[in-house]
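Residues per chain are reported as follows:
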Amino acid sequence: MRMHINRFFVLFACLLISVAAVGQASPPQDNSPYSRYGIGNLLPQYFAPQGAMGGISTAYNSFYHLNPSNPASYAALSYTAFEAGLYYKFTNVNSEAGSVNTNTGNLSYIALGFPIFNPLNRATLAKDKPVDWGMSFGLKPFSQVAYDIAQTGEIDSIGTVNYLFQGNGQLYKLYYGTGIRYKGFSAGFNIGLLFGNTSQLRRVEFDDLVNAFLDDLNDNTNHSGFIYDIGLQYEYVFGKLEDPEEERKRRSKRRLLIGLRGNGTYKVRTNSVQNYQRAALGYGLDTISFSEELTGRAKMPAEVSIGLAMKQDGKWMIGGDFTWSGWGSFEHPNLIAPLEDAWRVSIGGEYTPNERSFKNYFYRIRYRAGAFYALDPRVVGGEQLTTYGVTFGMGFPVKANPQKKPSFINLGFEFGRLGDSDLIMENYFRLNLAFTFNDNSWFFKRKFR
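About the thresholds
Residues numbered from 1 in each chain as written. Predicted model: local features only at pLDDT ≥ 70, side-chain atom pairs only at ≥ 80, totals over all residues. Heavy atoms only, no water. Helix = DSSP H or I, 4+ residues; strand = E, 2+ residues; numbered from the N terminus. Buried < 20%, exposed > 50% of the residue type's maximum accessible area, 1.4 Å probe, protein only. Contact = heavy atoms within 4.5 Å. Areas by Shrake-Rupley, 256 points an atom, 1.4 Å probe, with all protein chains shown as cover. Core = buried A, V, L, I, M, F, W, Y, C linked by side-chain atoms within 4.5 Å. Patch = residues over 30% accessible without salt bridge, like charges linked within 9 Å, V, L, I, M, F, W, Y side chains within 5 Å. Salt bridge = Lys/Arg side-chain N within 4 Å of Asp/Glu carboxyl O. Phe/Tyr/Trp six-rings, centres within 6.5 Å; stacked < 30°, edge-to-face > 60°. Polar contact = N/O pair within 3.5 Å; in protein donor to acceptor, adjacent residues only side chain to side chain.

**Q** Which residues make up the overall build of the protein chain, and what are the values?
**A** A count of helical and extended segments in the protein chain gives 3 helices and 17 strands. In the protein chain, which comprises 449 residues, the proportion classed as buried is 51%. For the protein chain, long-range pairs separated by at least 24 residues make up 66% of all intrachain contacts whose partners lie at least 6 apart in sequence. A total of about 21600 Å² of accessible surface is found on the protein chain, and carbon and sulfur atoms cover 59% of it.

Spelled out as structure tokens, the structure:
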């Protein structure tokens, strides 16, 4: 027992080291003009397998893969799962002023999940438990600010005016979650810490005025606060089970899953340093006004999602999600941006020809595809942004040896668009690569009793 606890704390320490490294690392280079609004571009909170299916996650659960988007899914884990994801993103930004291409990539997430009680290990207990129980903890980015915009205008009696807008930074989510299942009902929760820094620079230059001043306003904001979300899932098994305790038979049946998850509004502490500088060109900068340690609280929105899925494990799954986010109630002491309530619709599925095939490896691959359409919370030029895309991918099973369950290399592709041709249009391609290591022995060789 003590050995297992020591392993847990070693893994937890490794995660904390990763958090410290992330907090000190520079944000990935990108140029997304729309990330100037609100807290930036909201990043996917689902993992690579769900992302390849359009992002469906509310009714999704798996024996092998983690799904922190709905913590009720942790109860379905049958094996210890360690997951790490990477991404590469190519973006083409189009506007009336021209076109620019950017490339970026970074760590998508890192997480560990494990079962405490499940049907596979309850048979080893002296006294059977009536519930399935799983846990997970991990780190993933929440939002990203990354833009570099230059504009030129003409003002009567002043002449040419140059405007420069630059921003960078990220917010991260460090979470712990647990889920429990009794018969067909599952419930769970995530609690965690939202933290990170953003920096925004606004500059004005007057080219045609003699001895004109250059104005700089630099705002650096640190965010930190506790967050939470809760989730529910219900699983209905079609067909009567001859032996309800026999997990193999239960897995072979078709099942209907209904999922619900959400959170209320919550507060995040902000600590800002604002630096305003004015100087004549060629004479160096002179600090006119300096303010630091401006503390406040940001009000983050409530969110609710409902999902529906049909599946037969090891064969196929199809499902859909609808998510509503109340960004119209968003408040921030330093960010003044028009935001409105948003929603997203996702559909997707997965198909495995024959996961037990030994003759043809391609039969064991999990083929995934999906699509999504969303109303973005940001309002630009009086219009609320929209985003949509298509996704597909594959889960390649890998076995270390015949006695162990397969791990997976998950590959996902996403083609999407944010905005429209009347404003600024961002067309992007995103490649997700994730590794899922499954084992039922290295973490808990002997289950809790």
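**Q** Could you give an account of the nonpolar core, naming the residues involved and the relevant values?
**A** With 13 residues, the main nonpolar core has I39, F142, L194, Y266, M300, W327 and F330 as its most contacted residues. Apart from residues no more than four positions distant in its own chain, M300 is found in contact with I39, F142, L194, T265, Y266, V268, W327 and F330. F47, Y74, Y109 and A111 belong to the second largest nonpolar core, which has 10 residues in total.

**Q** Can you explain the environment of D132? Please cite residues and give values.
**A** Along the polypeptide, D132 turns up in strand 4 (residues 131-155). For the pair D132 and P115, spaced 17 residues apart in the sequence, the C-alpha separation amounts to 7.8 Å.

**Q** Lay out a nonpolar patch on the surface with the relevant residues and their values.
**A** Nonpolar side chains collect at one region of the surface, where L232, L260, V304, I306, F322, W324, V345 and I347 lie side by side and expose about 670 Å² of accessible area between them. For the nonpolar patch, the elements supplying multiple residues, two or more each, are strand 11 (303-312), strand 12 (316-325) and strand 13 (342-351). Among the secondary structure elements, L260 is positioned in strand 8 (residues 255-263). A relative accessible area of 38% places L260 in the partly exposed class.

**Q** Before we move on, could you go through the packing of aromatic side chains and cite the residues and values that matter?
**A** Counted under the stated rule, the structure contains 16 aromatic pairs. Here the aromatic rings of Y64 and F408 are separated by 5.5 Å at their centres, their planes lie at 55°, and the arrangement is tilted. Linking Y64 in the loop between helix 2 (48-51) and strand 2 (80-95) with F408 in strand 16 (residues 407-418), this pair joins segments that are 344 residues apart in sequence. With relative accessibility at 3%, the residue F408 sits in the buried group. Site record: aromatic cluster; members linked through ring pairs are F322, W343, Y373 and Y388.

**Q** Provide a residue-level description of the environment of P33, including the pertinent values.
**A** Within the element layout of this structure, P33 appears in the loop between helix 1 (2-24) and strand 1 (41-42). Residue classification places P33 among the buried positions, given a relative accessible area of 10%. Sequence spacing of P33 and Q166 is 133 residues, and the spatial spacing of their C-alpha atoms is 9.2 Å. Once you skip the residues sitting within four places of it in the chain, P33 turns out to touch V93, Y147, I149, I424 and E426.

**Q** How would you summarise the pattern of salt bridges if you had to cite specific residues and measurements?
**A** Considering all chains together, one arrives at 10 salt bridges under this definition. With a closest N to O distance of 3.9 Å, E235 and R181 form a salt bridge. Of this pair, E235 sits in strand 7 (residues 213-237) while R181 sits in strand 5 (residues 159-182), and the two are 54 residues apart along the sequence. A residue is classified by how much of its surface remains accessible, and E235, at 8% relative accessible area, is buried. R181 gets classed as buried once you look at its relative accessible area, which sits at 6%.

**Q** Go over the side chain of N438, please, and point to the residues and values.
**A** By the secondary structure assignment, N438 is in strand 17 (residues 425-439). For N438, a relative accessible area of 5% puts it in the buried group. Separated by 3.1 Å, the side chain of N438 and the backbone oxygen of P406 make a polar contact. When residues no more than four places from it in sequence are discounted, the contact partners of N438 are Y64, Y79, T80, A81, K405, P406, S407 and F408.

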